[in-house]
Amino acid sequence: MRVAIIGQAAFGEAVFRRLRDDGVTVAGVAAPEPTSNGRVDPLWSASEANDIPRVSTTSLKEPDGLVKWKEFEADFCLMAFVTEFLPDEVFTLPEHGTAQYHPSLLPLHRGKSAINWAVINGEKETGLSIFWPDKGIDTGPILLRKRCEIGPDDTVGSLYFNHLFPMGVDAMSEAVSLVAAGEAPRAEQDHAVATFEPGCRDQHAEIHWHRPAQVVYDLIRGCDPRPGAWTLFNEEKLRFFDCRLTGEQRPGMPGQVLDIDDEGFSIRLNGGVLRVGRVQHTGKSKLPAGEWASHVASPQGSASGNPSGSPSPPLHGLRESAGVLLPQAIAFGAPGSVEPGFWFSGHGVSATRRIT
């Protein structure tokens, strides 16, 4: 059986290599074509290296691209990470149709951010579906499903790369075998229990420190590595990665920084303590949290919003608040310590100190 692949990135490449290892004839590939700056998609590169016919995914929306697609003479097509909306003709040209990978247990979590929302919602289980695409978004009949556990500290990244990615490659291989044997199911989804969420973006990723500790932690895990759960620091977004929730009960207000060391810093939550491993301040690279905190707390550090590049003062004392304690703000003392009474803002307050 001749199989065509529409896909991209590492997952598309892995499916391509798996099918070839299985002895399947890959009839052709549709992938993003190389960019003007020389960036080449892994699936495109792998197909080129193996002299497999290929076409740009976006060209499948045009008559010339469809002509090339038809020339592949594929019996079956797999969609391995496709972000373009394509004409129905692309899916129906192969004799046995087209099957698509989706990283959730459909009909749950339809949409482009299925993994994010499963983690943000605090769910304990997810999985993947291989389904037959139709005119809706992730609404077609199911060919097969596979389940996996969501660990208590899983992020979107760990869940995908450690579980849903390798399971997905295996499932794509299994789908080809089922189709070749004439045993591929087409089980209709139960649309009455379907859920659909929007793409997970910054508007969904703001941390509200007063919320229960587990809710805050689930949001951070569900936005790691993208888009990155955030709070405001010096009126710019500060994003959190590689965090851990501990069951410690320590005094302080939700959002208050408790301590800083070489490994990171700790934030008091409503029902626990968050240990922060890495952060990213707007416009800058990700840094180990302890390194970032020590830098911004240093009298020689250059805090964001200081375009002159001259040394900035320590964050404690950057702004006074006319005798009031502004809610949920942060300031650092010297590296390795935190001046009491400072905490992260859920309302856009920049570094502030308490006036006594």
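Predicted model only: the values in this text are computed from it and were never measured.

**Side note on the confidence of the model for the chain**
Right, on to step 1. Considering every residue of the chain, the mean pLDDT works out to 86; 83% of them sit at 70 or more.
Right, on to step 2. Contacts for the low-pLDDT stretch residues 298–341, under 50 throughout, to residues beyond four places or in other chains number 104 contacts.
Right, on to step 3. Below a pLDDT of 50 lies the segment residues 347–356, which in the model reaches 36 contacts outside its immediate sequence neighbourhood of four places, other chains included.

**Things to note about the layout of surface pockets**
A probe as big as a water molecule, rolled over the atoms, marks out the empty space that is left.
Right, on to step 1. Roughly 1500 Å³ of internal volume is contained in the largest pocket.
Right, on to step 2. Those elements that provide at least two residues to the lining of the largest pocket are α1 (9–21), α4 (88–92), β5 (98–102), α5 (114–120) and α6 (156–180).
Right, on to step 3. No other element matches α6, which puts 5 residues into the lining of the largest pocket.
Right, on to step 4. By residue class, the composition of the lining of the largest pocket is 26 nonpolar, 9 polar and 9 charged.
Right, on to step 5. One number sums up the size of the second largest pocket: a volume of about 180 Å³.
Right, on to step 6. Every residue along the wall of the second largest pocket is listed here: Asp88, Phe91, Thr92, Gly97, Thr98, Trp132, Pro133, Asp134, Lys135, Pro141 and Arg186.
Right, on to step 7. The element best represented in the lining of the second largest pocket is α4, accounting for 3 residues.
Right, on to step 8. Per-class residue counts for the lining of the second largest pocket are 4 nonpolar, 3 polar and 4 charged.

**Focus on the pairing of strand β8 (residues 229–233)**
Right, on to step 1. Buried residues dominate β8, accounting for 4 of its 5 residues.
Right, on to step 2. As paired elements, β8 and strand β9 (residues 236–241) share 5 bridges and run antiparallel to each other. Across the sheet, residue Ala229 finds its bridge partner in β9, namely Phe240.
Right, on to step 3. Remark: 2 residues form the turn of the hairpin made by β8 and β9, two consecutive strands paired antiparallel; Asn234 in that turn has positive phi of roughly 55°.

Conventions we followed
Residues numbered from 1 in each chain as written. Predicted model: local features only at pLDDT ≥ 70, side-chain atom pairs only at ≥ 80, totals over all residues. Heavy atoms only, no water. pLDDT = per-residue confidence, 0-100. Contact = heavy atoms within 4.5 Å. 1 Å grid on protein atoms, 1.4 Å probe; cavity = no way out; pocket = protein on both sides within 12 Å on 5 of 7 lines; lining within 4 Å. Points joined across faces, edges and corners; volume = space filled by probe spheres on them. Helix = DSSP H or I, 4+ residues; strand = E, 2+ residues; numbered from the N terminus. Nonpolar A, V, L, I, M, F, W, Y, C, P; charged D, E, K, R; others polar. Buried < 20%, exposed > 50% of the residue type's maximum accessible area, 1.4 Å probe, protein only. Pairing = 2+ DSSP bridges.

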